[in-house]
Amino acid sequence: MKFASILFSAIASVAAVVPTAQAQDAYPSRPIHLLVGATAGGGSDLVARIVATELTKKLGQAVVVENRPGAGGNIANLAAARAPADGYTLAMAYSGLAVNPAVMQKMPFDTLRELATVSLVADVPMGLYVNAAVPARNVKELIDTAKASPGRYALGVNALASVGHLATELFKQRTGVDMPTVVYKGSSAAMTDLLSGNVSAMFDTVASAGPQVQSGRIRMLAYGGVKRLATSPDVPTLTEAGLDNFDLRSWYGVVAPAGTPKATVDKLSTVIAEVIRMPEVVEKFEKNSLIPVGSTPDAFEQYLAAETEKWTHVAKAAKVQVQ
């Protein structure tokens, strides 16, 4: 009887494990919803649709992009955080996921506890640009020029509490320059004033500023990535230009509700990495000035935590805050 009891328990344990394993192996068995915290046509929407198209082919289930714009991406990310942790609701987050906790008085969810990182999908190159009339050919000269004329050279910012805004404040904190910050409601307005000379310098993405650099109306003094751009090999990184550990980039990454099974997260991460390595996807990314990444969940989690901590310190020191 004792042997029979042990045997029955063992069989019951195996029976309990098999359905779970089969369920994980069968994932996905229905469509996946990929939430985007921006309107159609924006950067995160573009990345989401490129990735969703190829994921649909590889996973054998439709990956449906849903636009839920607003609150700096918080509406979409909150919906993902509150969704069942089964891998069928994901979000294409962007840099705001790290910036929002740093600048918002009250967040509707805990970024690092209520969301599971899946994969860092792509980096968005950012550079430091100056109007062509500014007498500075490199970062050191810009700093020296600004210090020689305190308050004369203004820094434009595309939006309040954006990555560009915090990057501007970090630059001022690191260098000690007296350069007024002028905040705009959008990159177009900021770029217009940079071109006209109403502001002297600005941090902006390579995609936005590239055409103006080619026209000769502005110059890129340095790039905020960890290594030089293949398209601009003569432009140093900000770190090379003398600003230690000044890693500045926007980014896009996939997140899921916290508690999503590790096997599901790992499968998604693996397939996303495969998609991002596809030549046709790399070509689309590069055409839009995006750098393909495709990280592990752990690597993305560490990066997100580091970015959140960095921007929190910057925002607090600069007193940048939004409701």
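Criteria and cut-off values
Residues numbered from 1 in each chain as written. Predicted model: local features only at pLDDT ≥ 70, side-chain atom pairs only at ≥ 80, totals over all residues. Heavy atoms only, no water. Core = buried A, V, L, I, M, F, W, Y, C linked by side-chain atoms within 4.5 Å. Buried < 20%, exposed > 50% of the residue type's maximum accessible area, 1.4 Å probe, protein only. Helix = DSSP H or I, 4+ residues; strand = E, 2+ residues; numbered from the N terminus. Contact = heavy atoms within 4.5 Å. Axes fitted to C-alpha atoms, helices over the stretch in contact; angles between N-to-C directions. Parallel < 35°, antiparallel > 145°, perpendicular 65-115°, else oblique. Nonpolar A, V, L, I, M, F, W, Y, C, P; charged D, E, K, R; others polar. Pairing = 2+ DSSP bridges. Right-handed = clockwise from strand over helix to strand, strands pointing away.

**Q** I'd like a rundown of the nonpolar core, residues and numbers included.
**A** Counting 53 residues, the largest nonpolar core has V103, F171 and W311 as the members making the most contacts within it. In terms of residue count, helix α12 (residues 297–318) provides more of this core than any other element does, six residues in total. Residues contacting W311, with those up to four places away along its chain left out, are A98, V99, A102, V163, L166, A167, L170 and L248. Among the nonpolar cores identified, the runner-up in size contains 34 residues, and A52, L55, V271 and I272 belong to it.

**Q** Describe the packing of helix α2 (residues 43–59) against helix α11 (residues 279–287), and please don't skip the residues or the numbers.
**A** Contact geometry of α2 with α11 gives a least axis separation of 11 Å together with a crossing angle of 175°. Taken together, the axis directions place α2 and α11 in an arrangement best described as roughly antiparallel. On α11, the residues touching V47, I50, V51 and E54 of α2 are V281, K284 and F285. Residue classes in the contact of α2 with α11 are distributed as five nonpolar, no polar and two charged.

**Q** Give a description of the packing of helix α7 (residues 163–175) against α12 that names residues and reports values.
**A** α12 packs onto α7 with a crossing angle of 70° between their chain directions and a minimal axis gap of 9 Å. One finds that α7 runs roughly perpendicular with respect to α12. Facing α7, whose interface residues are V163, L166, A167, E169, L170 and Q173, α12 presents W311, V314, A315, A317 and A318. Along the lines of polarity and charge, the residues of the contact of α7 with α12 split into nine nonpolar, one polar and one charged.

**Q** Can you break down the environment of A93 residue by residue, with the values?
**A** With respect to the element layout, A93 can be found in strand β3 (residues 89–94). Residue A93 is classed as buried on the basis of its relative accessible area of 1%. Taking the C-alpha atoms as reference points, A93 and P261, separated by 168 residues in sequence, lie 20 Å from one another. Leave out the neighbours within four places in its chain, and A93 touches N77, W251, Y252, G253 and V255.

**Q** Lay out the pairing of strand β1 (residues 32–36) in plain terms, naming residues and giving numbers.
**A** Counting buried positions along β1 gives four out of five residues, so the element sits mostly inside the fold. One ladder, built from five bridges, connects β1 with strand β2 (residues 63–67); its direction is parallel. Looking at the pairing, L34 lines up with V65 of β2. Crossover β1 to β2 through α2 is right-handed. Two strands pair when backbone bridges link them, and β1 and β3 are joined in this way by four bridges, in the parallel orientation. Bridging from a neighbouring strand, H33 pairs with T89 of β3.

Limitation: the analysis is restricted to geometry and does not speak to function.
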